[in-house]
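Letter by letter, the chains look like this.
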Amino acid sequence: MHLRVDHVSKSFGHGRQAQLVLDDISFEIKGGDFLALVGSSGSGKSTVMRLIAGLERPTAGSIRLDGQPVRGPGSDRGMVFQKYSLYPWMTAAGNVAFGMELQGLSRSEIRERTAYFLDVVGLADAARCLPRELSGGMQQRIAIARALAAQPKVLLLDEPFGALDLQIRESMQEFLHRLWRQTGLTALLITHDLEEALLLAQTVHIMAPRPGRIVRSVSVALERSTLAQLRVSPDFLALREDLATCLRSLDGALL
Amino acid sequence: MASSRLSSWRRGVLHPWFLGVLGVAIVLMLWAAISATALVDPLFLPSPGAVLAAGQSQAAQGLLWNDLVASVGRVFGGFALSAVVALPLGITMGTNPVICRLLEPLMALIRYMPAPAFIPLLIIYFGLGELPKILLIFIGTLFFNTLMIMDAVKFVPRELIETALTLGGRQAQVLRRVITPCIAPQVIDAYRINMASAWNLVIVAELVAASEGLGKRISLAQRFLRTDEIFLGLIVIGLIGLLIDLGFRLLMRRACSWAN
């Protein structure tokens, strides 16, 4: 798996009203990578994700997945949205099975894989619940299971925990980290939460707003045996403070 | 003891049906009381007993049943036609901006033409039979049904559609598996609301030209100053409307339990 974002720019609108949202973004993700894009609102980080998902087209530059240019949305790039995008009329199991049904897998295969992925996210007991009967954190776990069950090459996470309470967010970060280690999935995380990015990602790109661009990239080589310890380790805190200063200076330049 | 009795009394009062039934009962009692005191000429305000008697007499003659079948048949015929056309049309307008821009101004214009004003034209075109009445109901409800369905489609959350696309869904699958179930509650509700206009229209059509039907019966009753039969007609129309409304609500509860 190799995803390459190559000198991508994106403008919205035409002519004089055209607004440059992304300016010359380049990065790449290899199989098994966990990469994060961090920036304040207006930095265009969600637009980067929508471009990779194929929900928008770049104005300039190219996005290639295993050498093939991205031309539209497809099941090789799974997506988890910030707002709970579960189908309210389907059960949890129905939601997880949905992508496989769209792809026309056999019934027995769907049943087997649905059970497996419900188990992976720890919600086998909730299989028959409707989304409204589940908590926000559970709903996001189902959304992640649904995306994974469609067997994407890369999982795109757009502020997946942004709408959750702090406590639940921490346990979800723990969950995502374990999932990544166990399954070896490839993930791109969009977040405005610097700590979240540093906890989970091996590579973090900092984005500046107006127009959105990558201003700093760091690889996070920290010992991640437990996230709880990592959160308070001196190396982690030093790195976080360094990058937080960088982010603040970007916001300060705007004021 | 006293407090538990009080709370059970309060529960009874707060039961959703209780106050509604009470409201109807109060009006019925007022009606009976006023007609009993003979303050108002019975020609203007027939007593509940007289209306009931008129109902029994019409039922015995078989008129009531015939009128019911005629009116209900027209409503269902015209409305079914409208519902069947409005669903694909509304979905197409909601998903395709070009067709929406093409048709929306036209529909907004026709929607403001009062449907009863089409009656003379429909009579000239199709005579006095069933067709013009069914078409009147069709014209009078089609545009409301279509525009309400179009709005429901436009309000389908973008994430639900985009999720299906990133799961490998094609356009046709998105339409069938995401948009259709998502708008089902609003479609049922649109039908429930616009059914009321269908009832208005059938009565108007029958007042103008018909040989049977609840509206026709009312207009005949007027000719013979039979206010008891007019009251009867109005009450029957109201009750059937209420029944249809409840039917749609039941359908909603059964088919779209996830939306409650």
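Here's what I pulled together on the structure shown here. (Residues numbered from 1 in each chain as written. Chains lettered and ligands numbered in written order. Predicted model: local features only at pLDDT ≥ 70, side-chain atom pairs only at ≥ 80, totals over all residues.)

Considerations on the overall build of chain A
On a plain count of helices and strands, chain A comes out with eight helices and ten strands. A compact globule built from 255 residues would reach a C-alpha radius of gyration of about 18 Å, and chain A, at 18 Å, matches this within 12%. Taken along its principal axes, the extent of the C-alpha atoms in chain A is 55 × 45 × 30 Å. For chain A, with 255 residues in total, the buried portion stands at 42%. Contacts in chain A between residues at least 24 apart in sequence constitute 68% of all its contacts with a sequence separation of at least 6. (Helix = DSSP H or I, 4+ residues; strand = E, 2+ residues; numbered from the N terminus. Rg over C-alpha atoms; globule rule 2.2 N^0.38 Å. Buried ≥ 20, exposed ≤ 12 C-beta atoms within 10 Å, placed from the backbone. Contact = placed C-beta atoms within 7 Å.)

Concerning the overall build of chain B
Scanning chain B from terminus to terminus reveals eleven helices and zero strands. Reading chain B from its N terminus to its C terminus gives the helix and strand order α-α-α-α-α-α-α-α-α-α-α. Computed over its C-alpha atoms, the radius of gyration of chain B comes to 23 Å, more than 25% above the 18 Å expected for a compact globule of 260 residues. Residues classed as buried in chain B amount to 30% of the 260 residues present. The contacts of chain B with a sequence gap of at least 6 include a subset with a gap of at least 24, amounting to 70%.

So, the nonpolar core
In terms of nonpolar packing, the biggest core is built from 118 residues, with Ile52(A) and Leu188(A) touching the most fellow members. Looking at this core, the element that brings in the most residues is helix α9 (residues 171-208) of chain B, giving 14 residues. Excluding residues within four positions of it along the chain, Ile52(A) makes contact with Leu3(A), Val5(A), Ile63(A), Val70(A), Arg77(A), Leu156(A) and Leu188(A). (Core = buried A, V, L, I, M, F, W, Y, C linked by C-beta atoms within 7 Å.)

Comments concerning helix α4 (residues 63-95) of chain B
Spanning 33 residues, α4(B) covers 48 Å between terminal C-alpha atoms, matching the ideal 48 Å at 1.5 Å per step. Most pronounced at Ala86(B), the bend in α4(B) amounts to some 30 degrees, and the proline Pro88(B) follows within four residues. (Expected span 1.5 Å × (residues − 1). Bend = angle between axes of the 7 residues up to and from the residue.)

Section: the sheet that holds strand β10 (residues 213-219) of chain A
Residue and element names in this part refer to chain A. The sheet built from six strands is open, its strands ordered β6-β7-β8-β3-β9-β10 with mixed pairing. Looking at strand neighbours, the two that pair on one side only are β6 (77-80) and β10, the edges of this open sheet. Strand-to-strand, the axes of this sheet are offset by a mean angle of 20 degrees, without reference to chain direction. Where strand β3 (residues 34-38) and strand β8 (residues 187-191) come together, five bridges link them in parallel fashion. Within β8, the position partnered with leucine 35 by the bridge is leucine 188. (Pairing = 2+ DSSP bridges. Axes fitted to C-alpha atoms, helices over the stretch in contact; angles between N-to-C directions.)

Examining helix α11 (residues 227-255) of chain B
Residue and element names in this part refer to chain B. A rise of 1.5 Å per residue sets the reference length of α11, with its 29 residues, at 42 Å; its end C-alpha atoms lie 42 Å apart and thus fit the reference within 8%. Among the residues making up α11, those that are buried are Asp228, Glu229, Phe231, Leu232, Gly233 and Ile244. Those residues of α11 that are buried are in contact with α3 (48-61), α9 and α10 (214-223).

Points about the sheet that holds strand β1 (residues 2-12) of chain A
The pairing of strands in a sheet comes from backbone hydrogen bonds and takes either a parallel or an antiparallel form. Residue and element names in this part refer to chain A. Taken together, four strands build an open sheet; the order of strands is β2-β1-β4-β5 and the sheet is antiparallel. The open sheet is flanked by β2 (19-30) and β5 (68-69), the only strands paired with a single partner. Note that strand β4 (residues 60-65) and β5 share two bridges and pair antiparallel. By the bridge assignment for β5, arginine 64 is matched with proline 69. On the sheet, helix α1 (residues 45-53) packs against β1, β2 and β4 and is oriented at approximately 120 degrees with respect to β1.

Here's the deal with the pairing of β6(A)
All names here are of chain A. Side chains Arg77 and Met79 project from β6 onto one buried face, and the interleaved Gly78 and Val80 project onto a second face that is buried too. By the bridge criterion, four bridges tie β6 to strand β7 (residues 154-158) in an arrangement that is parallel. From the neighbouring strand, glycine 78 faces β7, where its bridge partner is leucine 155.

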